[in-house]
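What follows is each chain in one-letter form.
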Amino acid sequence: EDKVVQSPLSLVVHEGDTVTLNCSYEVTNFRSLLWYKQEKKAPTFLFMLTSSGIEKKSGRLSSILDKKELFSILNITATQTGDSAVYLCAVESGGGSQGNLIFGKGTKLSVKP
Amino acid sequence: NAGVTQTPKFRILKIGQSMTLQCTQDMNHNYMYWYRQDPGMGLKLIYYSVGAGITDKGEVPNGYNVSRSTTEDFPLRLELAAPSQTSVYFCASSTAQGNQPQHFGDGTRLSIL
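In this numbering scheme, every chain counts its residues from 1 along its sequence in written order. Throughout, the order in which chains and ligands are written sets their labels, letters from A for the former and numbers from 1 for the latter. Selection of residues for local features in this predicted model requires a pLDDT of at least 70, selection of side-chain atom pairs for listing and counting requires 80 or more, and totals for whole chains, interfaces and linings are taken over all residues. Where side-chain values are given, they derive from all heavy atoms of the structure, hydrogens and water being excluded.

Caption draft 1: Looking closely at the overall build of chain B. Helix numbers and strand numbers start at the N terminus; a helix is a DSSP run of H or I with at least 4 residues, a strand a run of E with at least 2. Each helix and strand counted, chain B has 0 helices and 11 strands in total. Along its sequence from the N terminus, chain B presents helices and strands in the succession β-β-β-β-β-β-β-β-β-β-β. We compute the radius of gyration from the C-alpha atoms alone; for a globule the expected value is 2.2 Å times N to the 0.38, where N is the number of residues. In terms of C-alpha radius of gyration, chain B reaches 13 Å, essentially the compact-globule figure of 13 Å for 113 residues. Between buried and exposed lies partly exposed: a residue is buried under 20% and exposed over 50% of the maximum accessible area for its type, with that area taken using a 1.4 Å probe on protein chains only. Expressed as a percentage of the 113 residues in chain B, the buried residues total 46%. Residue pairs in contact within chain B that sit at least 24 positions apart in sequence constitute 54% of those at least 6 positions apart. Here the Shrake-Rupley method, with its probe set to 1.4 Å, supplies the accessible areas, and only the displayed protein chains count as covering residues. Element-wise, carbon and sulfur atoms account for 50% of the exposed surface of chain B, whose accessible area totals about 5,400 Å². Residues scored as positive are Lys and Arg, those scored as negative are Asp and Glu, and His as well as the terminal groups of each chain are ignored. The location of each charge is read from NZ of Lys, CZ of Arg, CG of Asp or CD of Glu. One finds the centroid of the 9 positive side-chain charges in chain B at a distance of 9 Å from the centroid of its 8 negative side-chain charges. Throughout, a residue-residue contact means that at least one pair of heavy atoms, one from each residue, lies within 4.5 Å.

Here you go:
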């Protein structure tokens, strides 16, 4: 059975700290791994990773994929209170479900002033 | 710049009632999806569609039906509401499966009492 596991499930840090969120997966016919940020409403897209070892960056956020070890990390440096959210990891599998997303349970990040 | 629009935002139903959750997108995306998100859980795929007139079951389709008569609209119907269907429902769309992220609506919070 395909699965995506995120850790930790919740995390509390102070502004300025650096955090690392983890995502491991076991899926058939891996296509891509995606990170989303979910505040009160819709998940918003952060990164899509398809190749191993290539870091994607956007401001203070970065992510990298290891296809050999089947995991990805999302780093946030110099955290701000606006980074408080649930971060969702999803893997697109090209198996019988024709490339649909399998989501982890998310990591709830709380950044305190 | 509407993107994916879901209505209603909130709804309370009695057990056994029926309703339709509306989803429309203005990005001319071929692929559309319905997910449900229970507290502390990741999103689970209910149904998806790869184009007008084509729909298929996801991971948790029981108790739901969908139709896709146009590219823009992908309504989700609950025929006989049950307490287990209390959840937040998200609609998403994408240009193609693989290498393109899904874009989400703001969700419909549904309570069955």
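Caption draft 2: Representation of the overall build of chain A in the model. When its secondary structure is counted, chain A shows 0 helices and 11 strands. Order of helices (α) and strands (β) in chain A, N terminus to C terminus: β-β-β-β-β-β-β-β-β-β-β. A compact globule built from 113 residues would reach a C-alpha radius of gyration of about 13 Å, and chain A, at 14 Å, matches this within 12%. Taken over the C-alpha atoms alone, chain A extends approximately 45 × 30 × 20 Å along its principal axes. Across the 113 residues that make up chain A, the buried fraction comes to 43%. Sequence-distant contacts in chain A: of pairs separated by 6 or more residues, those separated by 24 or more amount to 55%. About 5,500 Å² of surface is accessible on chain A, with carbon and sulfur atoms providing 50% of the total. In chain A, 13 side chains carry a positive charge and 11 a negative one; their mean positions are 5 Å apart.

Caption draft 3: Geometry of the interface of chain B and chain A. At the interface, 20 residues of chain B touch 19 residues of chain A. Taking both partners together, chain B and chain A bury about 1,600 Å²; carbon and sulfur atoms supply 55% of that area. In what follows, salt bridge is the name for a side-chain nitrogen of Lys or Arg lying within 4 Å of a carboxyl oxygen of Asp or Glu. Our count for the chain B to chain A interface comes out at 0 salt bridges. Whenever a nitrogen or oxygen atom comes within 3.5 Å of another N or O atom, the pair is scored as a polar contact, on the condition that within protein one atom can donate a hydrogen and the other can accept it, and that pairs from neighbouring residues in sequence are kept only if both atoms are in side chains. Summed over the shared surface of chain B and chain A, the number is 2 residue pairs in polar contact (both at pLDDT 80 or more). Of all the secondary-structure elements, those providing two or more residues to the side of chain B that touches chain A are strand 4 (31-37) and strand 5 (43-51) of chain B. The class makeup of the residues in the side of chain B that touches chain A is 9 nonpolar, 9 polar and 2 charged. Two parts placed together each lose some accessible area under a 1.4 Å probe, and the buried area is that loss summed for both. Note that Gly is not counted as nonpolar here; it falls among the polar residues with everything else outside the nonpolar set of Ala, Val, Leu, Ile, Met, Phe, Trp, Tyr, Cys and Pro and the charged set of Asp, Glu, Lys and Arg.

Caption draft 4: Broad picture of the side chain of Gln85 of chain B. Residues and elements named next belong to chain B. By the element assignment, Gln85 lies in the loop between strand 8 (76-78) and strand 9 (87-94). For Gln85, a relative accessible area of 5% puts it in the buried group. There is a polar contact of 3.1 Å between the side chain of Gln85 and the backbone oxygen of Gly63. Gln85 has contacts with Arg36, Asn62, Gly63, Tyr64, Leu78, Leu80, Leu110 and Ile112, leaving out every residue within four places of it along the chain.

Caption draft 5: Spatial organisation of the sheet that holds strand 1 (residues 4-7) of chain B. Residue and element names in this part refer to chain B. In spatial order, the strands read 1-3-8-7; together these 4 strands make up an open sheet with antiparallel pairing. The sheet terminates laterally at strand 1 and strand 7 (64-66), the two strands that pair on one side only. Averaged over neighbouring strand pairs, the angle between their axes works out to 20 degrees when direction is ignored. Sheet topology places strand 3 (residues 19-25) next to strand 8; 3 bridges connect them, and they run antiparallel. Counterpart to Met19 in the pairing with strand 8 is Leu78. Two strands make a pair as long as DSSP finds a minimum of two bridges between them. A fitted line through C-alpha atoms serves as each axis, taken over the contacting stretch for helices, and the angle formed by two N-to-C directions is quoted from 0 to 180°.

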